[in-house]
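Geometric and topological summary
In case you want the letters, here they are:
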Amino acid sequence: ETITNSPAVQLFVDRAQAIAPDFQLTPSNRDALVAICRRLDGIPLAIELAAARVPLLSPDALLRRLERPFPELSGGTRDLPSRHQTLYDTLAWSYALLGPAEQALFRRLAVFAGGWTLEAAEAVCGGTDLPSEAVLDRLYQLVESSLVQVLEDGREERRFGLLEIVREYAADQLAQSGEGHTIRGRHRDWCLTVAERTPAEVFDPGHVEALEQEQANLRAALAWSIAAGDGEQALRLAVGVYPLWYVRGHYGEGRAWFRDVVALPRAAQPAALRIRALVWAGHLAYCQADYPAALALIEASQAEARMHDDEQGVAVAVHYLGNVVRVQGNLAAAQALYAEALARNRHLGNRYWEALALLNLAGLAAEQDDPDRAVALVKECLPLLGGVGARWGIARALNAPALAATPATEVETVRRWLTESVALERQTGDRQGLSWSLLALARYAALDGDLAQAGRLCAEALQLAQQSGDRLVLARGLEGVAALVSGDMPELALRLAGAADALREALGARVLPAESARLMRWQAAARQALGEEPYAKAWALGRSQRLDLALADALGAATTVEAHRPSAALA
């Protein structure tokens, strides 16, 4: 009874019965089962690996094999903790029972990180000794042996994986086989096919999702390519993965990879790829409000594009330079740069970048508080974006006019656009665009008197910005919550606005004309309600407050707003 109730023995029996349904714990095999579980220190994975061999070996035979020493492990693993040694011994035993083809597949699978599909395994692990069409059967044998796991991630296409300690053992075997460099190169090449399936700047939602699914593999391939000093392949990978870093808000990670890639020897970096890498790195710096770094990187990209007569590269750099000077408050310079980008792309016949230039001009018009022009430009660029199937761009265009005071004749149009924009950005996973749209939609909810909904929208935008490190959105989110609570809690509103002002100053991001008018309206009301001295004190406290504490205050206030009344402060 004690043996039967042992969790280790129960696990062995359950795993054995999953493969051999007629297997039973009996008086004749119970001593061997107890000895096996003790030999394996009760380690669940080790027990599963052993039990998976029941169709081939009786418990007595299993025990005899487990008690044999493993010469190949008698050196380096002996200084590991005893339970680690036991598991390594069990893995070595299980590996030794595999046929040559299964052993080859098992050790080659070590190059995958975060799982793989059958198609990926066939592309990377097949060879003269293991035809691609034989990979499925060999993979099945590894699953049956408990060396490979079937990952339950809810996706239509089945994925497989290795536990990390199993992957570590497989990697040791791969290194000893002498084929590690070849297989890692094939893994890198497969990652390139994933990364380059769609042009980077299109931000196709399906492509971004595929990149996200293979994120761990892409990181492993990037790290290997950089360590190998392979500048061309590393650049190709980084440029290809850029949509994931941008759309999902992984700005810091993307910048770090680009920094390491462009630092590789220049001779190994094709000019066209380096030009794109520099401009994408600059744009990610812009997204984190690191404007000096953004300017330096984008200008470097533009200079190299001019040097190599890359007209499209020049046009893209001009486009992104407009973004940097725009957020710093130099709207005239931004206007000129966007106009230049528009002209260059029309000359090149690039409809996608032409549409993006129109989109930026629309956003700029909104920031200059010219809503009629903003709406007109959006109506001009939407057909272009629809023509190239750019759902990401369509979502951005739909929220472009929202910063301005909407013309009475277009209120319903702009409100509908914003609602569509939020839905599209949720579908595409565009965190930055979604945070902008949520803040704009919060203003409309407040104008309708639904302050609770406005608070929820502001809170979600702040949380997205915290996740991605988008500090400009954090500043605007603080200002949005401040306006929302200014009527009931003017002192808190001023502290939040003071924190936003300090953050803007640190970033070098000025308040734009459309934003300034709203800030002045509610702040004037707060000054009148509090008096000059309390007003100045609250503002100063906010400017000196730590950003994380200000954000906690803002989130707390946004999620507890309950009043339902029109708010002129957000008009």
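Refer to the preceding data block for the structure.
Figured I'd write up the structure that's included with this text. It should be emphasised that the depicted structure is a prediction, and the values quoted were computed from it without experimental measurement.

1. So, the overall build of the chain
Within the chain, the secondary structure is distributed over 30 helices and three strands. Projected onto its principal axes, the C-alpha positions of the chain cover 90 × 60 × 40 Å. Put simply, the chain has 571 residues, and 55% of those count as buried. Long-range pairs, those at least 24 residues apart, make up 69% of the contacts in the chain between residues at least 6 apart in sequence. Of the roughly 23600 Å² of accessible surface on the chain, 52% is carried by carbon and sulfur atoms. In the chain, which carries 56 positive and 70 negative side-chain charges, the distance between the mean positions of the two groups comes to 2 Å.

2. Some thoughts on the packing of aromatic side chains
Under the counting rule described, the total for this entry stands at 19 aromatic pairs. With a centroid separation of 5.7 Å and an interplanar angle of 45 degrees, the aromatic rings of Tyr 95 and Phe 106 are classed as tilted. Of the two residues, Tyr 95 sits in helix H6 (residues 82-96) while Phe 106 sits in helix H7 (residues 100-108), which places them 11 residues apart along the sequence. Of the two residues examined, Tyr 95 and Phe 106, each falls in the buried class.

3. Things to note about the nonpolar core
The tendency in soluble globular proteins is for nonpolar side chains to be buried as a group. The biggest cluster of nonpolar side chains holds 200 residues, and the ones touching the most others in it are Phe 12, Phe 106, Leu 109, Trp 116, Phe 258 and Trp 280. Setting aside anything within four residues of it in sequence, one finds Phe 106 in contact with Tyr 95, Leu 98, Leu 142, Leu 147, Leu 162, Val 166, Tyr 169 and Ala 170.

4. Some words on the sheet that holds strand E3 (residues 159-161)
Read from one edge of the open sheet, three strands run E1-E3-E2, paired in antiparallel fashion. If you trace the sheet from one side to the other, it starts and ends with strand E1 (116-117) and strand E2 (149-151), each paired once. Pairing geometry for E1 and E3, over two bridges, is antiparallel. Paired with Trp 116 across the strands is Phe 160, a residue of E3.

5. Overview of unusual backbone geometry
Positive phi, normally seen in glycine, also occurs at Ala 289, with a value near 65 degrees. Inspection of the secondary structure assignment puts Ala 289 in the loop between helix H16 (271-287) and helix H17 (291-307). Phi is positive for Asp 309, close to 55 degrees, though the residue is something other than glycine. Within the fold, Asp 309 resides in the loop between H17 and helix H18 (311-327). A residue is classified by how much of its surface remains accessible, and Asp 309, at 66% relative accessible area, is exposed.

6. Points about the pattern of salt bridges
Should their charged atoms come close, side chains of opposite charge can pair. Counted according to the given criterion, the structure contains 29 salt bridges. For Glu 214, the salt bridge is made with Arg 159, and the minimal N-O distance between the two is 2.7 Å. In this pair, Glu 214 sits in the loop between helix H12 (205-213) and helix H13 (215-227) while Arg 159 sits in strand E3, placing the two residues 55 residues apart along the sequence. Taken as a pair, Glu 214 and Arg 159 share a single burial class, namely buried. For the salt bridge of Arg 188 with Asp 189, the shortest nitrogen-to-oxygen distance reads 2.9 Å. The exposure class of Arg 188 is buried, given its relative accessible area of 9%. Using a relative accessible area of 37% as the deciding quantity, one classes Asp 189 as partly exposed. A cluster of three or more residues bridged by salt bridges with shared partners is formed by Arg 107, Arg 108, Asp 129 and Glu 179.

Calculation criteria
- Residues numbered from 1 in each chain as written.
- Predicted model: local features only at pLDDT ≥ 70, side-chain atom pairs only at ≥ 80, totals over all residues.
- Heavy atoms only, no water.
- Helix = DSSP H or I, 4+ residues; strand = E, 2+ residues; numbered from the N terminus.
- Buried < 20%, exposed > 50% of the residue type's maximum accessible area, 1.4 Å probe, protein only.
- Contact = heavy atoms within 4.5 Å.
- Areas by Shrake-Rupley, 256 points an atom, 1.4 Å probe, with all protein chains shown as cover.
- Lys, Arg positive; Asp, Glu negative; His and termini not counted.
- Charge placed at Lys NZ, Arg CZ, Asp CG, Glu CD.
- Phe/Tyr/Trp six-rings, centres within 6.5 Å; stacked < 30°, edge-to-face > 60°.
- Core = buried A, V, L, I, M, F, W, Y, C linked by side-chain atoms within 4.5 Å.
- Pairing = 2+ DSSP bridges.
- Salt bridge = Lys/Arg side-chain N within 4 Å of Asp/Glu carboxyl O.

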